[in-house]
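Close look at the chain arrangement
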Amino acid sequence: MKRDEIVAPDDDIELLDAYSRAVVQTLERTRGGVVSLRVHARRGRRSGEGSGFLITPDGYLLTNSHVADAGDTITVTLDDGSEHAAERVGVDVDTDLALLRIGGAAPLQHLQLGDSRQLRVGQVVIAIGNPQGLSHTVTTGVVSALGRSLRARSGHLIEGVIQTDASLNPGNSGGPLLDTRAQVVGVNTAIIAGAQLLCFAVPSDTARWVVSELLRHGRVRRAWLGIVARSVPLPRRTMRHHQLDAPGAAGVDEVLADGPAARAGLKAGDRVVAVDGMPIKDVDTLHRALGGERIGRRVRVDLLRGADKLTLDLVPSLRG
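Residues numbered from 1 in each chain as written. Predicted model: local features only at pLDDT ≥ 70, side-chain atom pairs only at ≥ 80, totals over all residues. Heavy atoms only, no water.

**Description of the overall build of the chain**
Stated formally: Only runs of H or I of at least four residues qualify as helices and only runs of E of at least two qualify as strands under DSSP, and these elements are numbered from the N terminus. Think of it in three bands: with a 1.4 Å probe and only protein chains considered, a residue is buried below 20% of the maximum accessible area for its type, exposed above 50%, and partly exposed in between. Should any heavy atoms of two residues lie within 4.5 Å, those residues are counted as being in contact. Areas reported here follow the Shrake-Rupley algorithm with a probe of radius 1.4 Å; residue values treat only the protein chains shown as occluding. A residue counts as positive if it is Lys or Arg and as negative if it is Asp or Glu; His and the chain ends are not included. For the purpose of locating charges, the reference atoms are NZ of Lys, CZ of Arg, CG of Asp and CD of Glu.
A tally of regular secondary structure across the chain gives six helices and 21 strands. The proportion of buried residues among the 320 residues of the chain is 47%. Of the contacts made within the chain by residues no fewer than 6 positions apart, 60% connect residues no fewer than 24 positions apart. Working note: accessible area of the chain is about 16,100 Å², and carbon and sulfur atoms make up 50% of it. Positive and negative side-chain charges in the chain, numbering 39 and 37 respectively, have mean positions lying 8 Å apart.

**Focus: the environment of Thr180**
Mapped onto the elements of the fold, Thr180 is located in the loop between strand 11 (176-178) and strand 12 (183-191). On the accessibility criterion, Thr180 (38% relative accessible area) is partly exposed. Residues Thr180 and Thr26, spaced 154 residues apart in sequence, show a C-alpha to C-alpha distance of 5.9 Å. The residues contacting Thr180, other than those within four sequence positions of it, are Ala22, Thr26, Val124 and Ile126.

**Structural notes on the sheet that holds strand 6 (residues 97-102)**
Defined as follows: For two strands to be treated as a pair, DSSP must find at least two bridges joining them. Geometry is summarised by axes, namely lines fitted to C-alpha atoms with helices restricted to the contacting stretch, and by angles between N-to-C directions that run from 0 to 180 degrees.
With antiparallel pairing, six strands are arranged side by side around a closed barrel as 1-2-3-6-5-4. Strand-to-strand twist in this sheet, taken as the mean axis angle between neighbours without regard to direction, amounts to 40 degrees. Here strand 3 (residues 60-63) pairs with strand 6 via four bridges, running antiparallel. Paired with Tyr60 across the bridge in strand 6 is Arg101. Against the sheet, helix 3 (residues 204-217) contacts strand 3, strand 5 (83-92) and strand 6, and its axis sits at roughly 60 degrees relative to strand 6.

**What to know about the side chain of Thr206**
Residue position: Thr206 is located in helix 3. By relative accessible area, which is 18% here, Thr206 ends up buried.

**What to know about the pattern of salt bridges**
Spelled out, the test is: A carboxyl oxygen of Asp or Glu within 4 Å of a side-chain nitrogen of Lys or Arg is what we treat as a salt bridge.
Across all of its chains, the model carries 18 salt bridges by this definition. As a salt-bridge pair, Asp79 and Arg31 come within 3.0 Å of each other at their nearest N and O atoms. Taken together, the residues span a long stretch of sequence, with Asp79 in the loop between strand 4 (73-77) and strand 5 and Arg31 in the loop between helix 1 (10-30) and strand 1 (34-40) at a distance of 48 residues. Among the salt bridges present, the one from Arg38 reaches Glu83, with a minimum N-O distance of 3.4 Å. Here Arg38 is found in strand 1, whereas its partner Glu83 is found in strand 5, with 45 residues between them in sequence. Several salt bridges share partner residues, and in doing so they unite Asp115, Arg117, Asp205 and Arg208 into one network.

**Considering helix 3**
This is how it is decided: For a helix, the expected span equals 1.5 Å multiplied by the residue count minus one.
Between the first and last C-alpha of helix 3 there are 20 Å, a value that for 14 residues agrees with the 20 Å anticipated at 1.5 Å per step. When we look at burial in helix 3, the residues that qualify are Ser204, Thr206, Ala207, Val210, Val211, Glu213 and Leu214. Trailing helix 3 by a residue or two, Gly218 shows a phi angle of about 75 degrees, which is positive.

**Quick notes on the nonpolar core**
Soluble globular proteins tend to bury their nonpolar side chains together. Our working definition: In plain words, nonpolar cores are sets of buried Ala, Val, Leu, Ile, Met, Phe, Trp, Tyr and Cys residues tied together by side-chain atoms within 4.5 Å.
In terms of nonpolar packing, the biggest core is built from 26 residues, with Phe53, Ile55, Leu62 and Leu99 touching the most fellow members. Per-element accounting of this core gives the leading share, four residues, to helix 3. What Leu99 contacts, discounting residues up to four positions off in sequence, is Ile55, Tyr60, Leu61, Leu62, Glu87, Arg88, Val89, Gly90, Val211, Leu214 and Leu215. Ala223, Ala250, Val283 and Val299 belong to the second-largest nonpolar core, a separate cluster that totals 20 residues.

**Digging into the environment of Val125**
Within the element layout of this structure, Val125 appears in strand 8 (residues 124-129). For Val125 and Gly141, which are 16 residues apart along the polypeptide, the C-alpha to C-alpha distance reads 5.6 Å. Each residue touching Val125, except ones within four places of it in the same chain, is listed here: Thr139, Thr140, Gly141, Val142, Val143, Thr164, Ala166, Leu177, Leu178 and Val185.

**A closer look at unusual backbone geometry**
Positive phi values are uncommon outside glycine, yet Asp96 reaches one of about 55 degrees. You can see Asp96 is positioned in the loop between strand 5 and strand 6. For Asp96, a relative accessible area of 10% gives the class buried. Despite not being glycine, Ala182 has its phi angle at roughly 70 degrees, a positive value. Along the chain, Ala182 turns up in the loop between strand 11 and strand 12.

**Points about the environment of Val76**
Mapped onto the elements, Val76 comes out in strand 4. On the basis of relative accessible area, Val76 is assigned to the buried category, the value being 0%. Each C-alpha atom, one on Val76 and one on Val35, is 6.4 Å from the other, the two residues being 41 residues apart in sequence. Val76 has contacts with Val35, Ser36, Leu37, Leu61, Ser82, Glu83, His84, Ala86 and Ile102, leaving out every residue within four places of it along the chain.

**A look at the pairing of strand 16 (residues 248-255)**
Relative to strand 16, strand 15 (residues 227-233) runs antiparallel, the two being bridged by seven bridges. Paired with Val228 across the two strands is Glu254, which belongs to strand 16.

Written out as structure tokens, the structure is:
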């Protein structure tokens, strides 16, 4: 052996081989369920590209809403090169997810949605997608952080977002983020322009809930109060006086006529501090509190009106 030659220890080589085997085996088990999307626009607008993955053998697939909404018609290309026209089953801009369906004469290979709650920082993850039109490109990395928040195009905050350093590029949007058991733990959705390896995925638990809502109702149902609100801070003196834990609230700027809030007596200038006992520290917390399970159900709203703390009962309606 030459003096300057470096030989890796056997256990390092074995570790590298185990990593390679995990990635290769995951790809072999999943690549048939990963698809490329071309979105065609009319009236001379440019077409777009993206990624997606099948979640049922009869052709239902997930992608990003910003991919599905980029044009008028969508062509899906499978791993075998066959092309299929896709129909939109439903779109949820608030989570940047879309459910599509393609036809098929035979059952299609599909992926399993895993449990994103079991993810750990440092865990190996694998991204497959169609960056820059290069289909079935594979990148690997680790879970860099959990519980991030990401602002959707609608302004809604997507909670529990996965941050990874598995490299993503334009065209990866909508593709799967996989663990080494070949289960989908996230839907790749965004990068931070100008930053290296800051990539984000919507968790699979969120995707599972969105899919169930879209299949049942054709949309994701969320409760609506009929107010325009913004996040406002609370003075420490006010927090101590009313025994509040959160340093902020949802300040009501406008109460829409004949909405649930107006009927219950909410007024502009009120500050919402709790819903059914859940502290409301800002507008995003208020949005999270207004899930579909509260539609048509009486809820208790605690608010500050001037120096007084009041409690009102109201019945949220389905958001239009």
